[in-house]
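Next come the chains, spelled out residue by residue.
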Amino acid sequence: MIYDKNANEIIYTLNKNGYEAYYVGGCVRDALLGIKPCDFDITTSAKPEETSAIFRRAGYTVIETGIKHGTVSVIFDKKSYEVTTFRVDGKYSDSRHPESVEFVSSLKEDLARRDFTVNAMAYHPNTGIFDFFGGREDLKNKFIRCVGEPVKRFEEDALRILRALRFASRYDFTIEENTSNAIKQCKALLDNISAERIYSEFCGILINSSCAKFFRNYVDVFAVIIPEILPMVGFEQKSRWHIYDVFEHTMVALENTPDDLIVKLTVLFHDMGKPIVFTEDEQGFRHFKGHQKVSCEIAEKILRRLKADNKTRERVYTLVLHHDDRIPLDETAALRLIRRVGEDALRAIYVEKADNLGQNPVMVSKRYSELNELQKMVEKLIKNDEACIYLSDLAISGKDVIACGIKPGPRVGEILNILLEEVTEKRLPNEREALVDFIFRLF
Ligand code: ATP
Ligand code: MG
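Residues numbered from 1 in each chain as written. Chains lettered and ligands numbered in written order. Predicted model: local features only at pLDDT ≥ 70, side-chain atom pairs only at ≥ 80, totals over all residues. Heavy atoms only, no water.

> Account for the packing of helix α15 (residues 291–305) against helix α16 (residues 310–321), with residues named and values stated.
Contact geometry of α15 with α16 gives a least axis separation of 8 Å together with a crossing angle of 165°. With respect to α16, the axis of α15 lies roughly antiparallel. Here the hand of the crossing between α15 and α16 comes out right-handed. On the side of α15, the interface is formed by Q292, K293, S295, C296, E297, A299, E300, L303 and R304, while α16 contributes R313, V316, Y317, V320 and L321. Of the residues belonging to the contact of α15 with α16, the class tally is seven nonpolar, two polar and five charged. (Axes fitted to C-alpha atoms, helices over the stretch in contact; angles between N-to-C directions. Helix = DSSP H or I, 4+ residues; strand = E, 2+ residues; numbered from the N terminus. Parallel < 35°, antiparallel > 145°, perpendicular 65-115°, else oblique. Left-handed = near helix turned anticlockwise from the far one by under 90°. Contact = heavy atoms within 4.5 Å. Nonpolar A, V, L, I, M, F, W, Y, C, P; charged D, E, K, R; others polar.)

> Outline the side chain of S52, listing residues and values.
Secondary-structure assignment places S52 in helix α3 (residues 48–57). Setting aside residues no more than four positions away along its own chain, S52 makes contact with V62, E64 and V72.

> Summarise the pairing of strand β1 (residues 21–24); cite the residues concerned and give the values.
What you see with β1 is no split at all: A21 and Y23 on one side and Y22 and V24 on the other are buried throughout. Where β1 and strand β2 (residues 41–44) come together, four bridges link them in antiparallel fashion. Pairing of A21 across the sheet is with T44, part of β2. Relative to strand β8 (residues 122–124), β1 is paired through two bridges, and the arrangement is antiparallel. The residue bridging Y23 from the neighbouring strand is Y123, located in β8. (Buried < 20%, exposed > 50% of the residue type's maximum accessible area, 1.4 Å probe, protein only. Pairing = 2+ DSSP bridges.)

> Report on helix α22 (residues 432–442), specifying residues and quantitative values.
Within α22 the residues assigned to the buried category are A434, L435, V436, F438 and I439. Looking at the packing, one finds that the buried side of α22 touches α20 (398–403) and α21 (410–424).

> How would you explain the environment of E331 if you had to name every residue and give the values?
Relative to the helices and strands, E331 resides in helix α17 (residues 331–341). Residues E331 and I415, spaced 84 residues apart in sequence, show a C-alpha to C-alpha distance of 23 Å. Residues within four places of E331 in sequence aside, it is in contact with M377, L381 and K426.

> Run through the environment of G18, naming residues and quoting values.
Of note, G18 is situated in the loop between α1 (5–16) and β1. As a C-alpha pair, G18 and K353 span 335 residues in sequence and 60 Å in three-dimensional space.

> Break down the domain arrangement of the protein chain for me, citing the residues and quoting the values.
We note that the domain assignment places domain 1 (5–134), domain 2 (142–222), domain 3 (226–386) and domain 4 (391–442) within the protein chain. On a C-alpha basis, the centres of domain 1 and domain 2 stand 24 Å from each other. Residue-level contacts link 21 residues of domain 1 with 21 residues of domain 2. Of the roughly 1,600 Å² buried between domain 1 and domain 2 on both sides combined, carbon and sulfur atoms contribute 57%. (Domains from an automatic or database assignment. Buried area = accessible area lost by both parts, 1.4 Å probe.)

> Just give me the short version of the site of ligand 1, but keep the residues and values in it.
Around ligand 1, a shell composed of 14 residues is seen, among which R29, D157, R160, R166 and R170 lie nearest. In this structure, a nitrogen atom belonging to ligand 1 sits 2.7 Å away from a side-chain N or O atom of R160. Summarising the interface, the protein chains cover 75% of the accessible area of ligand 1, which totals 580 Å² for the free molecule. Looking at the shell around ligand 1, the elements with two or more residues in it are α2 (26–32) and α7 (159–171). Tallying contributions element by element places α7 first for the shell around ligand 1, with five residues. A breakdown of the residues in the shell around ligand 1 according to their chemical character gives one nonpolar, three polar and 10 charged. Per-domain counts for the shell around ligand 1 show at least three residues from each of domain 1 (5–134) and domain 2 (142–222). (Near = heavy atom within 4 Å. Polar contact = N/O pair within 3.5 Å; in protein donor to acceptor, adjacent residues only side chain to side chain. Areas by Shrake-Rupley, 256 points an atom, 1.4 Å probe, with all protein chains shown as cover.)

> Pulling in residues and values, what's your account of unusual backbone geometry?
You will see that D77, though not glycine, has its phi angle at about 45°, which is positive. Look at D77 and you get exposed, because its relative accessible area is 64%.

> Hey, could you go over the nonpolar core for me, with residue numbers and the actual values?
If you look at soluble globular proteins, the nonpolar side chains tend to sit buried side by side. Within the largest apolar cluster, 91 residues are counted, with the highest numbers of intra-cluster contacts made by F215 and F269. The contacts of F215, once residues within four sequence positions are left out, are F202, L206, F222, I229, F247, M251, L254 and L268. Judged by nonpolar contacts, the second largest core, of 18 residues, contains C388, I406, V423 and I439. (Core = buried A, V, L, I, M, F, W, Y, C linked by side-chain atoms within 4.5 Å.)

> So what about the sheet that holds β8? Which residues, and what values?
Pairing is mixed in the open sheet, where seven strands are placed in the order β3-β4-β5-β2-β1-β8-β9. What marks the edges here is a single partner per strand, and that holds for β3 (61–66) and β9 (128–130). Within the sheet, the average angular offset between the axes of one strand and its neighbour, ignoring direction, is 35°. Packed onto the sheet, α1 meets β1, β2, β4 (71–76), β5 (79–85) and β8 and runs at close to 150° relative to β1.

> Before we move on, could you go through the packing of aromatic side chains and cite the residues and values that matter?
One pass over the structure, following the stated rule, counts 16 aromatic pairs. Ring geometry for F438 against F443: centres 6.4 Å apart, planes inclined by 70°, an arrangement best described as edge-to-face. For F438, a relative accessible area of 8% gives the class buried. Taking relative accessible area as the criterion, F443 reaches 34% and is therefore assigned partly exposed. Through a chain of ring-to-ring contacts, three or more aromatic side chains come together here, namely Y22, F86, F130, F132 and F133. Here the basic side chain of R166 rests over the ring of F167, its NZ or CZ set 4.6 Å away from the ring centre. (Phe/Tyr/Trp six-rings, centres within 6.5 Å; stacked < 30°, edge-to-face > 60°. Lys NZ or Arg CZ within 6 Å of the ring centre and 35° of its normal.)

Structure representation (structure tokens):
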């Protein structure tokens, strides 16, 4: 069922030395789902020092990744295999880290400390699957269910709350009722978890097409990490353009985006400013002037708090700020968009398409067809090697600018950008002579 040449060799080597060893966790789950596993974790009765010694002796590189927690990485053909000793976690005092781990001798005990039934199965190439907690049955029924008493398991480690949502969202599973209730009951424990770990799980939830379903069902849980979500819930737009409140509009938009993190984050945040900036006219219609700026400021604050990387934060900021630009369907405008956001030009279109599908179809269907055309145009421009899109496509380089008498420094880049603008706006041909002449005339 699961076969990886190197992992099999690790397992058999441990067996030959008198130890038990099995494939465990995500790789068993994914193989049973018919998904090719990306990495193979192994669990063994050998103590970490023993594992380490066995593979060193056999000539492998061994990294003592987390020897205190029982994990040793064996490097095979440049791939790393985590081999972890059967263990149970000691007492948790802070819903985060066990104070200690204790090595144990039975596979069953090791599987019992794992988070969900579908993650608590092991496999041996000779003897097959070990499934003590009904993982296979839950996979069949598409259930995420804690191993053991859910509230206790979330109190031990609150990150499991987000892990449950991540696995459910990734495979479009249902969270089993007791586990689901415990998630809601224990949500406040998420306050104990570090921003980095939250962000990583949060992205894992968001990136899937079924994520909106989980935002809807667990909005109060998400509000513990992103309280800025709550003002959107039930906030009526009272506008001819809209048939949903801001939250539901955002959810429908999320359901209509590709599984791309930048696009998903942008769509999630794009209208968060609406409940802050809204005004109501005499007819009772609402207007949201300036919501783009307020929304991108909220996005920025959230992404800083969650310790997202700078690049992601900046890209999302720009896409949220410009989400209502309504780029016209013409080549110069398309080139201007590409010049401004580079590789994110297509993402800007995906965001507007999603936004559009969350609005009143009577009002926006014409624009949707236009967006399809615009998307084709941008795809063609990006693919076309002849088109002048990036600074590197210009017929002259920084060196040539300096040769025209401009002092080396930031001014050179500024001038190149001006030239690129002139060319993409079709005011100048992308020809060496014309560009040099332009520099001499103006600078
Ligand atoms: P992925 O495909 O996302 O890597 P995975 O199941 O391999 O899924 P990991 O985070 O790599 O998930 O963890 C490996 C295994 O370790 C899990 O399958 C689970 O058995 C166990 N595990 C990981 N984190 C926890 C946790 N917080 N509490 C209990 N068990 C955990
Ligand atoms: Mg894994």
